Amino acid sequence: MIERVAVLSDIHGALPALEAVLAEPDVAAADLIVLTGDIAAGPQPVEVLDLLASLGDRACWVGGNADRELVEARAGRPARIEVSDWAATQLRDDQVARLAALPPTVTLPVAGLGEVLFCHATPRDDEEVVLVDSRLERWAEVFAGLPAEVGTVVCGHTHMPFTRLVDRRLVVNPGSVGMPYGGSGAWWALLGPGVQLRRTGFDVDAACARVAAESGFPGAAAWADEYLRSRHSDADARTVFGPRDGR
């Protein structure tokens, strides 16, 4: 049984945001750090992957759709997003291999929560959309086939933090470290024995300047201004994502 788990999702190659979260005392003291996908697709992919790799066995990695798309882009299938295409060209072969090998789900025993399944979007698909206000029938559909002993599901993908009950099963989305919708800062979650949704503040002006200066991505300054400053609200994001949950 793992006593404390820090969950970091949707880092998207944003090094200053990741560094801020890893500096949190509760993250440093956690027994395990679980990464729930979309790790490197952003302006500082190599640096982010190297920092996370330095955590060794303290980090458990789960793959997301953007990680898969980086691997596909290296194989000659262009990504849908410009920064992902660029990031794919920057990665070393060992980093591409690591992303290619990431599991879609991991299930771990966490104190106070029992068996917890970690995934990126849903347990069955790395880019399905479910939201805090998705109807129960939708949740039942995406959770079909889950073992009964899984009492908590932790997902990411939509970059908006929430917790909710779904027919006696707890669902947690920690939000996004590098591309938050709804407020600046790096969002993450701490599990065990309960669930805490956490936000780490950092100097956004300095972070934007650093990304613009240190990244070789031609659109780095604009990317940082849009995403590190959280220009998109949660209401904006839910309007865009809503039709994709079948409502």
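Residues numbered from 1 in each chain as written. Predicted model: local features only at pLDDT ≥ 70, side-chain atom pairs only at ≥ 80, totals over all residues. Heavy atoms only, no water.

An unreviewed UniProt entry lists the chain under the name Metallophosphoesterase family protein, with Micromonospora fulviviridis as the source organism. Turning to the chain, the UniProt record has this under Sequence similarities (unreviewed entry): "Belongs to the metallophosphoesterase superfamily. YfcE family." (UniProt positions renumbered as here; feature names shortened; annotations may be inferred.)

Along any regular strand, the residues point their side chains to alternate faces of the sheet. In this structure, strand S4 (residues 105-110) lies alongside strand S5 (residues 114-119), joined through six bridges in antiparallel fashion. Bridge assignment links Val 110 to a residue of S5, and that residue is Gly 114. Here S4 hands over to S5 after three residues, with Gly 112 in that stretch at a positive phi of 85 degrees. Here S5 runs beside strand S6 (residues 150-154); their pairing, made up of four bridges, is parallel. By the bridge assignment, Val 116 is partnered in S6 with Thr 152. The β-α-β motif built from S5, the intervening helix H7 (residues 136-142) and the parallel element S6 has right-handed crossover chirality. (Pairing = 2+ DSSP bridges. Helix = DSSP H or I, 4+ residues; strand = E, 2+ residues; numbered from the N terminus. Right-handed = clockwise from strand over helix to strand, strands pointing away.)

Residue placement: Phe 143 occurs in the loop between H7 and S6. By relative accessible area, Phe 143 is classed as buried at 8%. Separated by 138 residues in the primary sequence, Phe 143 and Val 5 have C-alpha atoms spaced 22 Å apart. (Buried < 20%, exposed > 50% of the residue type's maximum accessible area, 1.4 Å probe, protein only.)

Among the residues of helix H8 (residues 204-214), Val 204, Ala 207, Cys 208 and Val 211 are the ones counted as buried. The arc that holds the buried residues of H8, viewed along the axis, is 100 degrees, so those residues lie on one side. For H8, the exposed residues set more than 90 degrees away from the buried face come down to Asp 205 and Ala 213. Where H8 starts, the residue carrying a side-chain oxygen 3.2 Å from the main-chain nitrogen of Asp 205 turns out to be Asp 203. (Arc of directions from axis to C-beta. Polar contact = N/O pair within 3.5 Å; in protein donor to acceptor, adjacent residues only side chain to side chain.)

This part takes up the nonpolar core. Note on soluble globular proteins: their nonpolar side chains tend to be buried together. Leu 8, Leu 52, Trp 223 and Leu 228 are the most contacted members of the largest nonpolar core, which totals 55 residues. Per-element tally for this core: the top contributor is helix H1 (residues 15-22), with five residues. When residues no more than four places from it in sequence are discounted, the contact partners of Leu 228 are Ala 14, Gly 178, Ser 184, Phe 202, Val 204, Ala 207, Cys 208, Val 211 and Trp 223. Formed by 17 residues, the second largest nonpolar core is a distinct cluster that contains Val 106, Leu 113, Val 172 and Leu 191. (Core = buried A, V, L, I, M, F, W, Y, C linked by side-chain atoms within 4.5 Å. Contact = heavy atoms within 4.5 Å.)

A full pass over the atoms with the stated rule returns zero disulfides. Unpaired in this structure, Cys 119 has its nearest cysteine sulfur neighbour in Cys 155, at a distance of 5.4 Å. (Disulfide = S-S within 2.5 Å.)

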